[in-house]
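Fold and contact review
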Amino acid sequence: MTPIDDLPIRDELRGKTPYGAPQLDVPVRLNTNENPYPVPEDLVRRITERVSDAARGMNRYPDRDAVVLRTQLAHYLSRTTGHQVGPTQVWAANGSNEVLQQLLQAFGGPGRTALGFDPSYSMHALISRGTGTGWISGPRTEEFNIDRAAAVAAIAEHRPDVVFICSPNNPTGTAVDEETVLALYEAAQAAAPGRHGALVVVDEAYAEFSHRPSLLPLIEGRPTLVVTRTMSKAFGAAGLRLGYLAADAAVVDAVQLVRLPYHLSAITQATAHAALEFADTLLGYVAELKAERDRLVTELTDIGCEVTESDANFVQFGRFDDAQDAWRRLLEHGVLVRDNGVPGRLRVTTGTRAENDAFLDAVRAVRKEISQ
Ligand SMILES: *Cc1c(COP(=O)(O)O)cnc(C)c1O
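Predicted, not measured: the structure shown is a model, and the values here were computed from it. (Residues numbered from 1 in each chain as written. Predicted model: local features only at pLDDT ≥ 70, side-chain atom pairs only at ≥ 80, totals over all residues. Heavy atoms only, no water.)

1. A look at the overall build of the chain
- Per the secondary structure count, the chain includes 11 helices and 12 strands.
- Against the 2.2 N^0.38 benchmark of 21 Å for 372 residues, the chain shows a C-alpha radius of gyration of 21 Å, consistent with a compact globule.
- Taken along the three principal axes of its C-alpha coordinates, the chain extends 60 × 55 × 55 Å.
- Sorting the 372 residues of the chain into buried and exposed places 51% on the buried side.
- Look at the contacts in the chain between residues 6 or more apart in sequence, and 74% of them connect residues 24 or more apart.
- Taken as a whole, the chain presents about 16700 Å² of accessible surface, with 51% of it coming from carbon and sulfur.
- When the 37 basic and 48 acidic side-chain charges of the chain are each reduced to a single mean position, those positions are 3 Å apart. (Helix = DSSP H or I, 4+ residues; strand = E, 2+ residues; numbered from the N terminus. Rg over C-alpha atoms; globule rule 2.2 N^0.38 Å. Buried < 20%, exposed > 50% of the residue type's maximum accessible area, 1.4 Å probe, protein only. Contact = heavy atoms within 4.5 Å. Areas by Shrake-Rupley, 256 points an atom, 1.4 Å probe, with all protein chains shown as cover. Lys, Arg positive; Asp, Glu negative; His and termini not counted. Charge placed at Lys NZ, Arg CZ, Asp CG, Glu CD.)

2. What to know about the site of the ligand
- Taken together, 13 residues sit near the ligand, with S96, Y206, T230, S232 and K233 positioned nearest.
- Within the side chain of K233, a nitrogen or oxygen atom sits 3.3 Å from an oxygen atom of the ligand.
- Computed on the free molecule, the ligand has an accessible area of 390 Å², of which 94% lies beneath the protein chains in the complex. (Near = heavy atom within 4 Å. Polar contact = N/O pair within 3.5 Å; in protein donor to acceptor, adjacent residues only side chain to side chain.)

3. Some details on the pairing of strand β5 (residues 162–166)
- With five of five residues buried, β5 is to be regarded as a mostly interior element.
- On β5, burial covers both faces: V162, F164 and C166 on one face and V163 and I165 on the other are all buried.
- Bridging between strand β3 (residues 113–117) and β5 involves two bridges; their strand directions are parallel. Note that in β5 the partner of L115 across the bridge is V163. (Pairing = 2+ DSSP bridges.)

4. What to know about the domain arrangement of the chain
- Taken domain by domain, the chain comprises domain 1 (22–40 + 281–371) and domain 2 (56–277).
- Summarising the inter-unit geometry, the C-alpha centres of domain 1 and domain 2 are found 26 Å apart.
- Tallying the contact residues gives 24 residues for domain 1 and 25 residues for domain 2.
- Where domain 1 abuts domain 2, roughly 2000 Å² becomes buried across the two surfaces, and 59% of that area is made up of carbon and sulfur atoms.
- Its largest share of buried area at the contact with domain 2, domain 1 owes to L282, L283 and D311, together 29% of the area lost on that side.
- Along the contact surface separating domain 1 from domain 2 lie zero salt bridges. (Domains from an automatic or database assignment. Buried area = accessible area lost by both parts, 1.4 Å probe. Salt bridge = Lys/Arg side-chain N within 4 Å of Asp/Glu carboxyl O.)

5. Examining the pattern of salt bridges
- The final tally for this structure, using the stated rule, is 22 salt bridges.
- Here E12 makes a salt bridge to R10, at a shortest N to O gap of 2.9 Å.
- When its relative accessible area of 35% is taken as the criterion, E12 is described as partly exposed.
- Notably, a salt bridge pairs E299 with R295, separated by 3.3 Å at the nearest N-O pair.

6. Side note on the sheet that holds strand β9 (residues 306–307)
- The three strands are arranged β9-β10-β12 in an open sheet whose pairing can be described as antiparallel. The open sheet is flanked by β9 and β12 (346–349), the only strands paired with a single partner.
- Inspection of the sheet shows β9 paired to strand β10 (residues 314–318) by two bridges, in the antiparallel sense. The partner of V307 across the bridge, within β10, is F317.
- Strands β9, β10 and β12 of the sheet are contacted by helix α9 (residues 279–303), whose axis makes an angle of about 10° with β10. (Axes fitted to C-alpha atoms, helices over the stretch in contact; angles between N-to-C directions.)

Shown next, in the form of C-alpha cells:
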C-alpha cells in the first residue's frame, strides 16, 4: 500500500490518526458510552413496521427536510425540557457528529477558528480540522470544570467563530451551569464586534443523564446559541445514527446551505420515528442507569479511587501513575474501558448491574496488582 503521506492529501491531515475507540471482543465492553440494554422487542416490532412502510416507497428520495421526524423531535424536547420548540427550530442528521460537521461547514471553515475547553470530546477538534477550521484549546480547572473568568478571557483573546461547551462533558462527566453558559455567550458576542457574534454550541449528548435541567431553554432570544443532542446514548440507539439540534430557525436555514441533499435516509427517519414513540420506555432505562452511575461513583470512591462527579452515563476515575498500564491490566481481566489521554485517569461507561460488578472487581484486582 502507498503510504498515506505520498498522496496529495491536505497538509493539515498529514501524519494524523483517525478517531478510534478500540472495538475489541471482550466480555465487558464499557468504553464508548453506549446504552447496555438491547432494544426492547416491542420496539423492534414497531421499527419493522415503520421500516416496511418506508421500504415500499424507497423508489423515491426521502423527505429531504425530514419534517415528520423533526416535528417528533420538537415534541420530545418540549415535553422533556418544559421549553416549547417547534419543528423549524430543530434539525436532524446522521449522528450529532454530522450535525456538528454541518455547523462547522456553515459557521467555521478556512480562516475561521473554533474554541473548546479540554479535556473534552475529541471530535470537536477533529471535525474542526476536517472542515479546515482552526482549533483553539481553552482551559479547565484541576477539577475539570470550566473556570468562568479564564474561559471568558480565552474568548476575548482568541475571538473564535465557534465556541464548544460540552455539558455534561465527555470524558470528565462534569456539567456546566447556566450562568457560565450565559457568560460565555456574552463574551462570544462581545469578542466579535462588526460581525454577528460567535456561534456557541452546547453539546448535550448526555443531557438525559444529568442531575441538572437541560440548557436548552437558553436558546430563547439568543440566535447564535445551539444545543445538540443524540439518540446514541440515552435512547440506546448508537447503531441508528441520529443526532439533532435545537436553535433559532435561522440556524436551521443556515445548515441547509451545506447539508447534502437527502442526507437522512427514509430508513433512518422511519427507525428514529419508531424509537421516539418508545421514548418513555427508553427513558425508564435511563433512570436505572443513573442509579447505577451513582453506585459506580460511590463504590469507586470506597475502593480508594479518585472519582470525578458525573452527570453523564460514565465515570472518570483514577489516579493511576500510568493510566495506559492500568487500562491494559483491566483488559486482561476482561473489562474494556476508555483511556482518553487524561493523565492518570480512565473513563468507564455505566453498564448493566452485572457488568458494573465485574468492572468493580477488576478495579480491586488491578489496584492490588499495582500496589504489589
Ligand atoms: C457520543 C457523543 C456524541 C454523539 O455522537 P453521535 O454521532 O450522535 O453518535 C456527541 N457528543 C458527545 C460529547 C458525545 O460523547
